[in-house]
Amino acid sequence: MKNLNFYELLGINIFASPDEIRIAYLKKVKEYHPDTFMGEKETAEEMTANLNLAYSTLKDEQKKFDYDSKNGFDKIREKELKKNNKKEQAKNINKAKQTKPKKDKKNEKESQRNTKKETKTFSSENSKSSQLEENQNNQQKEKFILDFVIITLLTVILLLILFNR
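Throughout this document, residue positions are counted from 1 along each chain, in the order its sequence is written. Per-residue local features of the predicted model are confined to residues with pLDDT of at least 70, and side-chain atom pairs are confined, for both listing and counting, to 80 or more; whole-chain, interface and lining totals are unaffected and use all residues. Computation of side-chain values covers all heavy atoms of the structure but excludes hydrogens and water.

Because the α-helix completes a turn every 3.6 residues, residues three or four places apart line up on one side. Counted at 1.5 Å a residue, the expected span for helix α2 (residues 18-32) with its 15 residues is 21 Å, and the 21 Å between its end C-alpha atoms agrees. Partly exposed describes any residue whose relative accessible area lies between the buried limit of under 20% and the exposed limit of over 50%, with all areas from a 1.4 Å probe on protein chains only and scaled to the type maximum. Numbering of helices and strands starts at the N terminus; helices are DSSP runs of H or I of at least 4 residues and strands are runs of E of at least 2. Residues Ile21, Ala24, Tyr25, Val29 and Tyr32 constitute the buried set of α2. Seen along its axis, α2 keeps its buried residues to an arc of 130°; they face one direction. Facing away from the buried side of α2, by more than 90 degrees, are the exposed residues Asp19, Ile23, Lys27 and Lys30. By definition, residues are in contact when any of their heavy atoms lie within 4.5 Å. The inward-facing, buried residues of α2 abut α1 (6-10), α3 (41-59) and α4 (61-71). The length a helix should cover is 1.5 Å for every residue beyond the first. Each C-beta atom gives one direction from the helix axis, and the arc is the one those directions make.

On to a negative patch on the surface, then. Together, Glu40, Glu42, Glu45 and Glu46 line one region of the surface with negative charge. Looking at Glu46, the relative accessible area reads 54%, which means it is exposed. Each patch is built from residues that are more than 30% exposed by relative accessible area and take part in no salt bridge. Like charges join if they lie within 9 Å; nonpolar side chains (Val, Leu, Ile, Met, Phe, Trp, Tyr) join within 5 Å. Each accessible area value is a Shrake-Rupley result obtained with a 1.4 Å probe; residue values ignore everything except the protein chains displayed when judging cover. Salt bridges are defined as contacts in which a side-chain nitrogen from Lys or Arg sits within 4 Å of a carboxyl oxygen from Asp or Glu. Under the convention used here, Asp and Glu are negative, Lys and Arg are positive, and both His and the chain ends fall outside the count. By convention, the charge on Lys lies at NZ, on Arg at CZ, on Asp at CG and on Glu at CD.

Looking now at the packing of α3 against α4. To obtain an axis, a line is fitted to C-alpha atoms, over the contacting stretch when the element is a helix, and the angle between two such axes runs from 0 to 180 degrees between their N-to-C directions. Remark: α3 packs on α4, axes separated minimally by 5 Å, with the N-to-C direction vectors making an angle of 105°. In this view, α3 runs roughly perpendicular relative to α4, as classed from their interaxial angle. Contacts from Ser56, Thr57, Leu58 and Lys59 of α3 reach α4 at Glu61, Lys63, Lys64 and Tyr67. Partitioned by chemical class, the residues of the contact of α3 with α4 number two nonpolar, two polar and four charged. Our angle categories are set so that under 35 degrees counts as roughly parallel, over 145 as roughly antiparallel, 65 to 115 as roughly perpendicular, and the remainder as oblique. For this scheme, ten residues count as nonpolar: Ala, Val, Leu, Ile, Met, Phe, Trp, Tyr, Cys and Pro. Four count as charged, namely Asp, Glu, Lys and Arg, and the remainder, Gly too, count as polar.

Right, let's talk about a nonpolar patch on the surface for a bit. Taken together, the side chains of Phe144, Ile145, Phe148, Val149 and Leu153 define a hydrophobic patch exposed on the protein surface, amounting to about 540 Å² of accessible area. Within the secondary structure layout, Leu153 lies in helix α5 (residues 73-163).

Let's shift gears to α3. Its 19 residues give α3 an end-to-end C-alpha distance of 26 Å, which sits within 8% of 27 Å, the value for a rise of 1.5 Å per residue. Those residues of α3 lying buried are Ala44, Met47, Thr48, Asn50, Leu51, Ala54, Tyr55, Thr57 and Leu58.

Any two aromatic rings considered together are summarised by their centre-to-centre distance and by the angle between their planes. Centre distance within 6.5 Å is the pairing criterion for rings of Phe, Tyr and Trp, where only the six-membered ring of Trp is used; planes under 30 degrees apart are then read as stacked, over 60 as edge-to-face, and the remainder as tilted. All told, the structure shown has six aromatic pairs when counted by the stated rule. Ring centres of Tyr7 and Tyr67 lie 6.2 Å apart, and the angle between their planes is 50°; on these two criteria the pair is classed as tilted. A residue pair is termed long-range when its members are at least 10 positions apart, and Tyr7 in helix α1 and Tyr67 in helix α4 qualify at 60 residues. For Tyr67, a relative accessible area of 9% puts it in the buried group. By the ring-pair criterion, three or more aromatic residues cluster together here, those being Phe6, Tyr7, Tyr67 and Phe73.

Helices that pack against each other are described as a pair by the angle of their axes relative to one another and the distance between those axes. Where α2 contacts α3, the two axes come as close as 9 Å, and the packing angle between them is 170°. Put simply, α2 runs roughly antiparallel to α3. Touching Ile21, Arg22, Tyr25, Lys28, Val29 and Tyr32 of α2 are Ala44, Met47, Thr48, Leu51, Asn52, Tyr55 and Leu58, all from α3.

Right, let's get into the side chain of Thr57. Structurally, the position occupied by Thr57 is in helix α3. Under the relative-accessibility criterion, Thr57 is labelled buried at 11%.

Turning to the environment of Ile14, a few remarks are in order. Counting through the fold element by element, Ile14 comes out in the loop between α1 and α2. Discounting chain neighbours no more than four positions away, the residues touching Ile14 are Tyr7, Lys64, Phe73, Ile76 and Arg77.

We now examine the confidence of the model for the chain. For every residue, the predictor reports its confidence as pLDDT, a number between 0 and 100. Across the chain, the average pLDDT comes to 82, with 79% of residues at or above 70. Averaged pLDDT values for the elements of the chain fall to 76 in α5 and rise to 93 in α2.

And the structure:
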């Protein structure tokens, strides 16, 4: 009972989540319950007691940590994590190598689009400003013509008044 591997007993790996631990426990308890087990009742009772001990240990974070430390599972976990991290890094490097040219093409296309947009925006702003200048010039011309007409009319009126006297 002292050398039990709780992970093997429940049929889970050392990276099992709390939900996976609970599901495995319930499944095994149901299988080895003394009232439904087809073998010897003593075996069922012993197995149920071991399953209860395994579950109570693995469901509690502190107890699990202590159990893992005493039985060397923490070192196994560290090795697995390092190995997985190396694999993950290798995958990321390969992905980066494969996708890098595509990203460059995408970035190039994006920068071309942005340049076109900026050019369009700049040219549309220029055309807007030139239209505004043209409108202002037309308004100034119209004002000048209107002023000229008014001055001319006033001059004619003054001349008529002077000559009619």
